[in-house]
Amino acid sequence: MRAKAIITCAITGAIHTPAMSPHLPITPEQIAESAIGAANAGAAIVHLHAREPHDGRPTQDPGRFRAFLPQIAAACDVVVNLTTGGSQTMTVEERLQPALQLRPEVASLNMGTMNFGLYEMLPRYTEWKWEWEPTYLAGSEAGFFKNTLKDIADILRLCGGHGTRFELECYDIGHLYTVAHFLDRGLLKPPLLIQSVFGIRGGIGTHPDDVAYMKHVADRLFASEYQWSVVGAGRHQMSIARQAAQLGGHVRVGLEDSLWIGKGQLASSNAQQVTKARAMLDGLGIDAATPDEARAILHLKGRQYVGF
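Counting starts from 1 at the beginning of each chain's written sequence and moves along it residue by residue. Local features are withheld for residues below a pLDDT of 70 in this predicted model, meaning they are given only at 70 or higher, and side-chain atom pairs are given and counted only at 80 or more; totals for whole chains, interfaces and linings count all residues. Note: side-chain values were computed over all heavy atoms of the structure, leaving out hydrogens and water.

What about the overall build of the chain?
Then comes step 1: The helix count covers DSSP runs of H or I at least four residues long, the strand count covers runs of E at least two residues long, and both are numbered beginning at the N terminus. Looking only at helices and strands, the chain has eleven helices and 14 strands in total.
Then comes step 2: By the compact-globule yardstick of 19 Å for 308 residues, the chain fits well, its C-alpha radius of gyration being 18 Å.
Then comes step 3: With respect to the principal axes defined by its C-alpha atoms, the chain has extents near 50 × 45 × 40 Å.
Then comes step 4: Contacts were defined at the residue level, with two residues in contact if any of their heavy atoms lie within 4.5 Å. Here the analysis covers contacts within the chain between residues at least 6 apart in sequence; of these, 75% occur between residues at least 24 apart.
Then comes step 5: All accessible-area figures derive from a Shrake-Rupley calculation using a 1.4 Å probe, and residue coverage is judged against the displayed protein chains alone. Put simply, the chain shows about 12,500 Å² of open surface, and 52% of that area lies on carbon and sulfur atoms.
Then comes step 6: On the chain, the mean spot of the 28 positive side-chain charges and the mean spot of the 30 negative ones are 3 Å from each other. The globule rule is 2.2 Å times the number of residues to the power 0.38, and the radius of gyration it is compared with is taken over C-alpha atoms. None of His or the chain ends enter the tally, which takes Lys and Arg as positive and Asp and Glu as negative. Taken as the charge location is NZ of Lys, CZ of Arg, CG of Asp or CD of Glu.

Below, the structure is given as structure tokens:
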């Protein structure tokens, strides 16, 4: 039998701003359409943020999520993963509300407080659609993403109480040890979904040695008790996905992580990136897992138990 790899697609995120690409989903209708397109292209999981429809500003208002989640659920059986990350400008209480209220099968959870620099994107653009965009990016140089050990424990207790499992976002080696800490405390249970993120300023780099070392440490800490997936930021998206797939891992693509489909070419949709990732997997002799296969691999509760 051919191996199976889960493709996750991160639809819009909170990193990129509307001026950067006309294809970035902003409105509820655009987010729903893009998520459904990614699912039809082969994504088993869609990772979802919300935005204010009038100006594209990131928001964690659960009402904004309710504006697109029913359409996605009605159109396809994709696994929904809701962010508890939001953006670094939000409080932890704000950030956890969508997962708490809407009870998804999966929620993302950053495994530490860290620098999260987006300011290096500023010189690449000379025109902005909205006044908040350059201010938001510039603020990341002096700001940070807050997830203390108590914050993480609170999110695990509150949002995990209704059966949601967590995509554990690890931006550096120390984050893996934080996962191990919460596994020891009984607040996490295997199989863990470790999402290693490469290329964010403040986290681990994108060199192949970095990818291999992250996998090596996770293997030592968690052995057979985890599933490994990767995010490669920007132009490193597909090269890191390929390396991870060759090492037996899963992959994440999407416009949250990269606006591009090739050198100098903006991706026209999330589905376009999923199609490219699926072709890459097929070339390696790996099948893209279906949503139900992903549910079995990750021991998810099933779509009938979500709150939307």
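Section: the side chain of N110
Then comes step 1: Secondary-structure assignment places N110 in strand 7 (residues 106-110).
Then comes step 2: Those residues in contact with N110, other than ones at most four positions away along the chain, are F145, N147, I152, E169 and Y171.

A word on the environment of Y213
Then comes step 1: Within the element layout of this structure, Y213 appears in helix 8 (residues 208-222).
Then comes step 2: Working definition: with a 1.4 Å probe on protein chains only, accessible area under 20% of the residue-type maximum means buried, over 50% means exposed, and in between means partly exposed. Look at Y213 and you get partly exposed, because its relative accessible area is 43%.

Some remarks on the pattern of salt bridges
Then comes step 1: Basic side-chain nitrogens of Lys or Arg form a salt bridge, by our definition, when they fall within 4 Å of a carboxyl oxygen of Asp or Glu. Evaluation of the coordinates by the stated rule reveals 16 salt bridges.
Then comes step 2: Residue E256 pairs with R252 through a salt bridge whose shortest N-O separation is 3.5 Å.
Then comes step 3: A relative accessible area of 4% means that R252 is categorised as buried.
Then comes step 4: Between D257 and R252 there is a salt bridge, with the nearest N and O atoms lying 2.7 Å from each other.
Then comes step 5: A residue is classified by how much of its surface remains accessible, and D257, at 8% relative accessible area, is buried.
Then comes step 6: Overlapping salt bridges, with partners in common, bring together R2, K4, D282, D287 and E293 in one network.

Thoughts on the packing of helix 1 (residues 28-41) against helix 10 (residues 270-283)
Then comes step 1: Closest axis-to-axis distance for the helix 1/helix 10 pair is 8 Å, and the angle between their directions is 15°. What the angle tells us is that helix 1 and helix 10 run roughly parallel. For the pair helix 1 and helix 10, the crossing hand works out as right-handed. Here S34, G37, A38 and A41 of helix 1 lie close against helix 10, whose contacting residues are N270, A271, V274, T275 and R278.
Then comes step 2: Taken together, the residues of the contact of helix 1 with helix 10 sort by class into four nonpolar, four polar and one charged. To define axes, lines are fitted to C-alpha atoms, for helices over the stretch in contact only, and angles between the resulting N-to-C directions are given on a 0 to 180 degree scale. Note that the term roughly parallel is reserved for angles under 35 degrees, roughly antiparallel for angles over 145, roughly perpendicular for angles of 65 to 115, and oblique for everything else. Each crossing is labelled by how the near helix is turned from the far one, with a counterclockwise turn of less than a right angle marking it left-handed and a clockwise turn marking it right-handed. Polarity classes work like this: nonpolar for Ala, Val, Leu, Ile, Met, Phe, Trp, Tyr, Cys and Pro, charged for Asp, Glu, Lys and Arg, and polar for all others, with Gly in that last group.

Fair warning: the whole summary comes from geometry, so function is off the table for now.
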